[in-house]
Amino acid sequence: MSVVRVGLDAVSGRAAALDETSRIVASYRGTGSAARLLDALLAKVDAEAVDRVVAILPEPVPTGSRIGILRIGGATALPPLAGWPVEMSTALAGPVATVRGGHEYDGTASAPLDLPAVAEFARRCVGNVRAVAVSGVHGLENPDHEQQAATLLAEVLGPDVPVRKGSETEAIGLLERENTAVLDASLAEFTRTRIEELGTAVRKHNPKAELYLVRGDGTVLPELAAQRHATACLGAARAALLHGAARLAGVPAAVVVDATGSQTVVGTTHGGLLPESGAHREFGGIRIGWRLPRLTVLDREGSLPAAVARARYGHDDLPVVLIGDRPLPDAIRPPDADLAAAVGAATAEAAGSVDRIFWQGAGGREDSAARARQLARDAAIRAGADPRTLRETPVKEALMTYVPVPAARLQATAVGPILEPVAP
Amino acid sequence: MEHVAESAIDDVVRGAVHFGSGGGGDPYLGQQLLVAAVRRHGPIPLVTAAELPPDALVLPVVSGGTPHTLVEKAHSTVEAETLRTAVEARAGRKCAAVLPIQLGSVNVAVPLAVAAELGLPCLDLDLMRRTLPSIDLTLLRLAGFSVSPITVVGGSGVVAEFSQGSDAVLGELVRAVLPPLGLVALISAYRVTAGDCARLGAVGSISECARIGAALAEPGYEPYLRACGGRLVCTGTVAEVLQHSSDGWPRGVVSLDTPEGFARIDFQNENLIVSREGTVLATVPDLIAVADADTSALTQTVDLAVGQEVHVLASPVDERWHTPEGHAAAGPRAFGYAVDPVRFDGSTSLAGAR
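All figures in this text were calculated on a predicted structure; none of them were measured in a lab.

1. Focus: the overall build of chain A
Now for step 1: From N to C terminus, chain A includes 11 helices and 20 strands.
Now for step 2: The C-alpha radius of gyration of chain A comes to 22 Å, within 12% of the 22 Å expected for a compact globule of 424 residues.
Now for step 3: For chain A, the spread of C-alpha atoms along the three principal axes comes to 60 × 50 × 50 Å.
Now for step 4: Of all 424 residues assigned to chain A, the portion counted as buried reaches 58%.
Now for step 5: Pairs at least 24 apart in sequence give 69% of the contacts found in chain A among residues at least 6 apart.
Now for step 6: Summed over all atoms, the accessible surface of chain A reaches about 16800 Å², with 53% contributed by carbon and sulfur.
Now for step 7: Separation of charge centres in chain A, based on 44 positive and 49 negative side chains, amounts to 2 Å.

The structure is reproduced here in structure tokens:
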């Protein structure tokens, strides 16, 4: 029996079922929740054949439940939420504490973790919060103190109070990771509820089907990981559209022009990834750890050929795929263009990235580059990728400025097809 | 400008990036530090040197370390107090105001935040008029002052003092103590009075940041060029960003694909030289900024991404850097490049000879 993958685009109300060759075998255009789109689509497809459902959900609003916020180490001049819009911080913040601990850039502890202070913070949270965010200085270079604190918090608060750690976000900058953990924690209940509802709907049709959500880079997060990271999925609809448009056009990489809205957006999909802009994503005016893809947004007067030329930079042979209606010679206008995001979801791959400071003292640069690549591969495999078919980007290195020390920021990404479940 | 209120912070920090010349740290950290300080202590008062008694001792402040670690562990409130206590104990008297040593997004925000924390006003001037990578590269030193005494305060409560000696050696020593402090420290240097500051006359630094920052918030790069008196050097697409560290110092090159051929920017911490097809177009000590063509925002050079469309913009620095002494300290040769200084507008004259 042939296998079918489902892509659900609950933002535009589109659903598509694709076979292994990425051919559309059924589609549905309508309104309603992702679960309703799935029901409608599976009226046309044998649910038994569906082994994977990949969904894009509407973006949450940046208000959630009241949470506790714990900082390990770090500047007292810059406490958690210090620069947030006041109405946001007032709405979200329960107990806030900064405790001694945290690490240095080379992973050594700055001070022992103040466990009694963590326990005191945990007691203040009891009955007061729906979730907790814990972030430590240099938590990526060494997550030990975050982990110890999270364990203690779980013991005191029990399994019903989720704990989000800053080191779950691969981003340099304590504030960026902390802001992400805080927002993920505040949206934990909302996100879990709606993904569980969709999971229940999927399993009602086929208990063996796996559920994934689309991330902001157009690759997937497994169901349970997506419940933990609401902010990881911001921008999913746009990203899936870019990948999906290329799929519909039958090309592996492309410059994609989306002219369906009041503004025209030009982006690039290449090697299954969207080139990053380097700029941080914001949510409710708050900077978070995720990066924005490089997009050019044009109003009606903007020069489309110039934007396309820029998006193509370095890859002069990339074809141009046009979604929507604008005059553009030589562009591929794929059929079923309104299904682009749903198709992008159904065909999405899994990826993992690393972006942190590596101490290069002992093994030197080659050793740290190898560690960076391994971390990226591990993250991709955790996201669902098949380890046998992973592709890697070159490791990007930025040296420390102002101080001559053997440490550098390394960035790398691994991406590849999702691991197929073993045939029974 | 009489004080820095929350409403002025975005402009001040955005303008400070201009003086970073491609370095000086990510503005987000500076912006957040200032918002936190103003929310806790109220608007930060600015003073001119003339408003203080001429013999009043001032507290020069600079943030030492690397931007990558500062965004993890910015300074704490305790370090500001420790620094003041150490400087006052040695001088035997009280500090009347905080003095920024250099301009750049982190090093405008940190002295202002320190002033707020200590309940002192901040002087609306600085000693460098831009970001340069060493605390001995100041106009005060060109005027004959010694960089010592230097006080370094680390996050773990460590205080290191360097009381006398060759300025170049002291600069090396300060950098040498940074790694065990986690590459973040709050530093004071120079013995300076308000009268010294008045004679130096590098006035209006924070106000300048606010003015240039307001221009940067306007669409396009022309308002910015009018505000800083600079010019557009070229527009191009980032083709490559390379860094290597052959002599212990990071050296980097940005290659830009421009309609007039390939341009390159040589940078270490800040942008140092912009050239095209072998012709030097502008060099340090003038300021070389890179702006994203879409957003007009000035960018840290290490954050440039291949394929990004950018404008390279050069602008003048304080005239005193264009003296023989200024060029010897902060011209391209001081950074190891066999190139003579070229001003932002392509000219090569020394100060007073224009």
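Having seen the model, we can carry on.
2. Some remarks on the packing of aromatic side chains
Now for step 1: For the structure on display, the rule yields 1 aromatic pair over all chains.
Now for step 2: One Lys or Arg, arginine 251 of chain B, reaches over the ring of tyrosine 337 of chain B and ends 5.3 Å from the middle of that ring.

3. Some points on empty space enclosed by the protein
Now for step 1: Tallied over the entire structure, the rule returns 7 cavities of 30 Å³ or more.
Now for step 2: Lining the largest cavity are 22 residues, and of these Tyr402 of chain A together with Ser63, Gly64, Gly65 and Pro133 of chain B sit closest to its centre.
Now for step 3: Breaking the lining of the largest cavity down by element, the ones donating at least two residues are β3 (57–65), α3 (67–70), α5 (105–118) and α7 (167–177) of chain B.
Now for step 4: The element best represented in the lining of the largest cavity is β3 of chain B, accounting for 4 residues.

4. Some details on the nonpolar core
Here is a general trend for soluble globular proteins: nonpolar side chains tend to be buried in one another's company.
Now for step 1: With 118 residues, the main nonpolar core has Leu78 of chain A together with Val58, Leu112, Leu123, Ile150, Val152 and Tyr224 of chain B as its most contacted residues.
Now for step 2: Here this core gets 10 residues from one element, more than from any other, and that element is α5 of chain B.
Now for step 3: If you look at the next biggest cluster of nonpolar residues, it comprises 46 residues, including Leu248, Ala337, Val354 and Ala412 of chain A.

5. Observations regarding the confidence of the model for chain B
Now for step 1: The predicted model of chain B has a mean per-residue pLDDT of 94, with 99% of residues at 70 or higher.
Now for step 2: Model confidence for the complex is summarised by a pTM of 0.95, with the ipTM given as 0.93.

6. Digging into the environment of glutamate 392 of chain A
Residue and element names in this part refer to chain A.
Now for step 1: Mapped onto the secondary structure, glutamate 392 falls in strand β18 (residues 391–392).
Now for step 2: Given a relative accessible area of 30%, glutamate 392 falls into the partly exposed group.
Now for step 3: Considering only alpha carbons, one finds glutamate 392 and leucine 70, 322 residues apart in sequence, at a separation of 35 Å.
Now for step 4: Those residues within four positions of glutamate 392 in sequence are excluded, and the remaining contacts are Arg373, Arg377, Thr413 and Ala414.
Now for step 5: Within the local environment of glutamate 392, its side chain forms a polar contact with the side chain of arginine 373, the two groups lying 2.6 Å apart.
Now for step 6: There is a polar contact of 2.8 Å between the side chain of glutamate 392 and the side chain of arginine 377.

7. Here's the deal with the environment of arginine 199 of chain B
Now for step 1: The topology assignment puts arginine 199 of chain B in helix α8 (residues 194–200).
Now for step 2: According to the relative accessible area criterion, arginine 199 of chain B is exposed, its value standing at 65%.

8. A short note on the side chain of aspartate 184 of chain A
Residues and elements named next belong to chain A.
Now for step 1: Of note, aspartate 184 is situated in helix α5 (residues 174–186).
Now for step 2: Among buried charged residues, aspartate 184 stands out as having no salt bridge; its nearest opposite-charge side chain is arginine 164, 5.7 Å away.
Now for step 3: Looking at aspartate 184, its side chain comes within polar contact range of the main-chain nitrogen of alanine 230, at 3.2 Å.
Now for step 4: Ignoring any residue separated from it by four or fewer positions in sequence, one finds aspartate 184 in contact with Arg164, Arg228, His229, Ala230 and Thr231.

9. A closer look at the side chain of serine 65 of chain A
Residues and elements named next belong to chain A.
Now for step 1: Within the fold, serine 65 resides in the loop between β4 (50–56) and β5 (67–72).
Now for step 2: Judged by relative accessible area, serine 65 falls into the buried class, the value being 15%.
Now for step 3: Setting aside residues no more than four positions away along its own chain, serine 65 makes contact with Leu92, Arg130, Ser186 and Glu189.

10. Structural notes on the interface of chain A and chain B
Now for step 1: The partner chain B presents 53 residues to the 43 residues of chain A that form the contact.
Now for step 2: A combined buried area of about 4000 Å² lies between chain A and chain B, and 56% of that area is made up of carbon and sulfur atoms.
Now for step 3: Along the contact surface separating chain A from chain B lie 6 salt bridges.
Now for step 4: Across the salt bridge formed by arginine 177 of chain A and glutamate 72 of chain B, the nearest N and O atoms sit 2.7 Å from each other.
Now for step 5: Here chain A and chain B share 15 residue pairs in polar contact (both at pLDDT 80 or more) between them.

Cut-offs and rules
Residues numbered from 1 in each chain as written. Chains lettered and ligands numbered in written order. Predicted model: local features only at pLDDT ≥ 70, side-chain atom pairs only at ≥ 80, totals over all residues. Heavy atoms only, no water. Helix = DSSP H or I, 4+ residues; strand = E, 2+ residues; numbered from the N terminus. Rg over C-alpha atoms; globule rule 2.2 N^0.38 Å. Buried < 20%, exposed > 50% of the residue type's maximum accessible area, 1.4 Å probe, protein only. Contact = heavy atoms within 4.5 Å. Areas by Shrake-Rupley, 256 points an atom, 1.4 Å probe, with all protein chains shown as cover. Lys, Arg positive; Asp, Glu negative; His and termini not counted. Charge placed at Lys NZ, Arg CZ, Asp CG, Glu CD. Phe/Tyr/Trp six-rings, centres within 6.5 Å; stacked < 30°, edge-to-face > 60°. Lys NZ or Arg CZ within 6 Å of the ring centre and 35° of its normal. 1 Å grid on protein atoms, 1.4 Å probe; cavity = no way out; pocket = protein on both sides within 12 Å on 5 of 7 lines; lining within 4 Å. Points joined across faces, edges and corners; volume = space filled by probe spheres on them. Core = buried A, V, L, I, M, F, W, Y, C linked by side-chain atoms within 4.5 Å. pLDDT = per-residue confidence, 0-100. Polar contact = N/O pair within 3.5 Å; in protein donor to acceptor, adjacent residues only side chain to side chain. Salt bridge = Lys/Arg side-chain N within 4 Å of Asp/Glu carboxyl O. Buried area = accessible area lost by both parts, 1.4 Å probe.

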